[in-house]
Amino acid sequence: MRASKALLQYSRCLRVAVAGSSRNIPACRKWRNPASSASAATFSSNSIARTPRPNTPSPSTSQGPSEVVPAPPTSRIDERKVVLGWDTTTYSRYHHIWLRDHCRCPQCFHPITKQRLVNTFDIPADIKPKHVESKPEGLEVHWPSSQPHTSLYPWSWLRHNSYDPPLARPPATEKILWGAKILQDPPIVTYEEAMAQDGRGVFKWLSNVFGFCFVSGVPATPEATEKLSRQIGFIRETQYGTFWDFTSDLAKGDTAYTTLALGAHTDTTYFTDPCGLQLFHLLEHSGGTGGATLLVDGFYVASILKELHPEAYELLSTVPVPTHAAGEPEALYTPSTRHTPVLKHEDGELVQVRWNNDDRSVLRDLKPDEVEAWYDAIRVWYKLLSSPDSEYWVQLSPGTAVVVDNHRVLHGRSAFTGKRRMCGAYIGMDEYRSKLAVLSERFAPDPVTQDTATTASVNGRSIWHPAL
């Protein structure tokens with residue numbers, strides 16, 4: 001992803017104090033997230049996401065009648081696989097049974113529900129095509145059967161799903177890591193944009209690469225804020241309710257319902273699946289002071305920890321941390337999995353920060369020689385989290401909501417006096433990813449969808465969509 005001028009200004013070095021010393025660390029770093037949507041939206045210098053146009057040939061480069069049409073890839077049948085030659089040096093091999101199982105004809109794949117109809121277990125283990133043919137639109141495979149059966153696989157789909165060997169795919173969206181200087185130009189969209197019926201504003205809102213985004217011009221009412229939340233997806237109901245509207249009256253057994261300061265943390269660490277997005281909106285703060293909102297990019301802090309303290313990073317990536325929610329008499333939550341480290345990875349990439357020291361339970365699974373090292377590790381982690389170079393403080397006011405990626409951005413607040421009324425909601429990570437995937441189909445389609453949308457779309461979605 002290309003950085004705009006706004007991103008470039010964050011690349012200036014910050015001074016980060018660690019263990020009594022100082023070291024220059026880039027204020028913004030790139031962190032690749034392979035699990036993220038293939039959206040290519042970026043933020044401009046005024047922090048509004050731009051939506052790239054699908055690649056279309058210009059009049060000067062469009063194919064004319066006299067131009068030579070490129071030959072399709074070569075194809076041949078091997079003993080157990082079909083071999084494709086993309087060029088003189090690049091090949092892909094696909095097992096016969098894999099190809100038969102992935103036929104997308106209407107008899108094998110329901111074009112509306114996008115579900116498999118073929119009975120995989122009726123396919124002979126030793127099935128072998130009778131004939132294959134390279135056609136301009138894809139690989140045509142003729143299968144032996146009592147009733148003739150032919151499958152056609154688009155070239156773009158085959159290349160995208162090549163596994164023997166895996167071929168290079170378009171680069172995943174890179175997250176832009178940020179420190180305190182994000183305050184110079186934080187990401188923001190308007191309420192009008194986010195509520196637009198065409199969905200383009202929601203796409204700009206959700207496809208940002210910072211892990212949080214403000215929404216300005218929101219009517220200072222619970223009703224408008226709830227409507228804004230539902231633009232993303234279903235609201236996730238928890239022990240705090242569905243859409244919450246609260247003050248510091250301890251109506252719920254959680255320190256969020258007090259006037260106390262809250263350090264940087266992620267929410268619902270005690271769930272097996274912590275909530276994905278959190279949207280909150282300050283409706284009122286009268287008769288007092290304080291209550292500033294704190295945001296910290298957990299991926300940014302983790303990158304510093306990994307660079308300066310790799311042993312601490314390893315401990316926080318491997319040691320499970322038990323957590324609980326027990327403030328409500330009718331609720332007692334603990335995760336059903338033991339895979340709950342502070343830093344969760346998939347295929348070597350950081351995908352989730354899970355940190356709330358207040359909700360931490362008894363540590364009983366540490367090895368004896370890890371106890372002191374783990375406490376040293378979280379001490380360094382906390383020092384980096386609370387560094388002035390990591391903390392972004394902002395005084396929210398009625399009319400400005402903020403949504404944060406609860407798997408990445410930690411939040412907190414300063415202590416306050418007076419009446420402070422806040423409302424908001426949780427949205428699941430799956431709901432968020434689904435919404436972004438749907439909007440990406442429309443505004444930033446992937447190459448396979450672009451290639452097959454006009455010929456293989458049923459009920460608004462290509463049967464060859466990479467997610468299927």
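To be clear, the structure that these remarks concern was listed above.
Here the structure is a predicted model, which means the values were calculated and not measured.

Cut-offs used in this document
Residues numbered from 1 in each chain as written. Predicted model: local features only at pLDDT ≥ 70, side-chain atom pairs only at ≥ 80, totals over all residues. Heavy atoms only, no water. Helix = DSSP H or I, 4+ residues; strand = E, 2+ residues; numbered from the N terminus. Buried < 20%, exposed > 50% of the residue type's maximum accessible area, 1.4 Å probe, protein only. Contact = heavy atoms within 4.5 Å. Pairing = 2+ DSSP bridges. Axes fitted to C-alpha atoms, helices over the stretch in contact; angles between N-to-C directions. Salt bridge = Lys/Arg side-chain N within 4 Å of Asp/Glu carboxyl O. Parallel < 35°, antiparallel > 145°, perpendicular 65-115°, else oblique. Nonpolar A, V, L, I, M, F, W, Y, C, P; charged D, E, K, R; others polar. 1 Å grid on protein atoms, 1.4 Å probe; cavity = no way out; pocket = protein on both sides within 12 Å on 5 of 7 lines; lining within 4 Å. Points joined across faces, edges and corners; volume = space filled by probe spheres on them. Core = buried A, V, L, I, M, F, W, Y, C linked by side-chain atoms within 4.5 Å.

Engineer: When you look at the environment of Phe243 in this model, what are you seeing that I'm missing?
Structural biologist: Here Phe243 shows up in the loop between helix 6 (222-230) and strand 17 (244-246). On the accessibility criterion, Phe243 (18% relative accessible area) is buried. In this structure, the C-alpha to C-alpha distance between Phe243 and Tyr426, residues 183 residues apart in sequence, is 7.8 Å. Once residues within four sequence positions are removed from consideration, Phe243 is found in contact with Pro222, Thr225, Glu226, Ser229, Ile235, Cys423, Gly424 and Ala425.

Engineer: Looking at this model, I keep getting lost on the sheet that holds strand 12 (residues 138-143). Mind explaining?
Structural biologist: Sheets are built from strands that pair by backbone hydrogen bonding, the pairs being arranged parallel or antiparallel. Within the open sheet, the three strands sit side by side as 11-12-13. Their pairing is antiparallel. Pairing within the sheet leaves two strands with one partner each, and these edge strands are strand 11 (131-135) and strand 13 (149-153). The mean angle between the axes of side-by-side strands here comes to 20 degrees, regardless of whether they run parallel or antiparallel. Bridge analysis of strand 11 against strand 12 gives five bridges, and the strand direction is antiparallel.

Engineer: How should the pattern of salt bridges be read in this particular structure?
Structural biologist: Pairing is possible between side chains of opposite charge, provided their charged atoms come close. Within this structure, the stated rule accounts for 14 salt bridges. Residue Lys204 is joined to Glu193 by a salt bridge in which the shortest nitrogen-to-oxygen separation is 2.6 Å. Linking Lys204 in helix 5 (residues 200-206) with Glu193 in helix 4 (residues 191-195), this pair joins segments that are eleven residues apart in sequence. Given a relative accessible area of 13%, Lys204 falls into the buried group. In this structure, Arg379 and Asp376 form a salt bridge, with 3.1 Å as the shortest nitrogen-oxygen distance. Taken as a pair, Arg379 and Asp376 lie in helix 9 (residues 371-385) at a separation of three residues, close to a single helical turn. Within the structure, one salt-bridge network assembled from shared partners comprises Lys81, Arg93 and Asp164.

Engineer: Explain the side chain of Thr266 here, please?
Structural biologist: Here Thr266 is to be found in the loop between strand 18 (262-265) and strand 19 (277-286). Those residues within four positions of Thr266 in sequence are excluded, and the remaining contacts are Val353, Arg354, Trp355, Asn356, Asn406, Val409 and Leu410.

Engineer: It is not clear to me how the packing of helix 8 (residues 310-318) against helix 9 should be interpreted in this structure. Could you clarify?
Structural biologist: Geometrically, a packed helix pair is captured by the angle between its two axes and the distance between the axes. Close contact between helix 8 and helix 9 brings their axes to 9 Å; oriented N to C, the two are set at 105 degrees. Relative to helix 9, the element helix 8 is oriented roughly perpendicular. Residues Ala312, Leu315 and Leu316 of helix 8 pack against Ala373, Trp374, Ala377, Ile378 and Trp381 of helix 9. Along the lines of polarity and charge, the residues of the contact of helix 8 with helix 9 split into eight nonpolar, no polar and no charged.

Engineer: Explanation requested: the sheet that holds strand 20 (residues 293-297) in the structure shown.
Structural biologist: Taken in spatial order, the four strands make up an open sheet running 18-25-20-23, and their pairing is antiparallel. On the outer flanks of this sheet lie strand 18 and strand 23 (392-394), each paired with one strand and no other. Direction aside, neighbouring strands of the sheet carry axes that sit 15 degrees apart on average. Sheet topology note: the strand 18/strand 25 (residues 409-413) ladder contains two bridges and is antiparallel. The residue bridging His265 from the neighbouring strand is His411, located in strand 25. Packing of helix 7 (residues 298-308) onto the sheet brings it into contact with strand 20 and strand 25, and relative to strand 20 it is tilted by some 50 degrees.

Engineer: Even after reading the chapter, I still don't get empty space enclosed by the protein, so can you show me in this structure?
Structural biologist: If a probe as big as a water molecule is rolled over the atoms, it shows which places are left empty. Scanning all chains against the criterion turns up two cavities of 30 Å³ or more. In this structure, the largest cavity spans a volume of roughly 60 Å³. Every residue lining the largest cavity is listed: Thr269, Val321, Thr323, Thr340, Arg354, Trp355, Asn356 and Arg360. Here the lining of the largest cavity is composed, by residue class, of two nonpolar, four polar and two charged. Forming the walls of the second largest cavity are Phe246, Thr247, Ser248, Ala256, Thr258, Arg413, Phe416, Arg420 and Met422. Here the residues of the lining of the second largest cavity are counted per class, giving four nonpolar, three polar and two charged.

Engineer: Got a minute to help me understand the nonpolar core in this structure?
Structural biologist: Counting residues in each nonpolar core, the largest one holds 31 residues, and the members touching the most others are Leu305, Leu316, Leu343, Trp355 and Trp381. Contributions of two or more residues to this core are made by strand 20, helix 7, helix 8, strand 22 (349-353) and helix 9. The contact partners of Trp381, leaving out residues within four places of it in the chain, are Gly298, Val301, Ala302, Leu305, Leu316, Val342, Leu343, Val353 and Trp355.

Engineer: Help me understand the pairing of strand 21 (residues 343-346) in this model?
Structural biologist: Looking along a regular strand, one sees side chains alternate from face to face of the sheet. Bridge count for strand 21 against strand 22 is four bridges, and the pairing is antiparallel. Within the sheet, the bridge partner assigned to His345 lies in strand 22 and is Leu350. The hairpin formed by strand 21 and strand 22 contains two residues between the paired strands, and Asp347 there has a positive phi angle of roughly 55 degrees.

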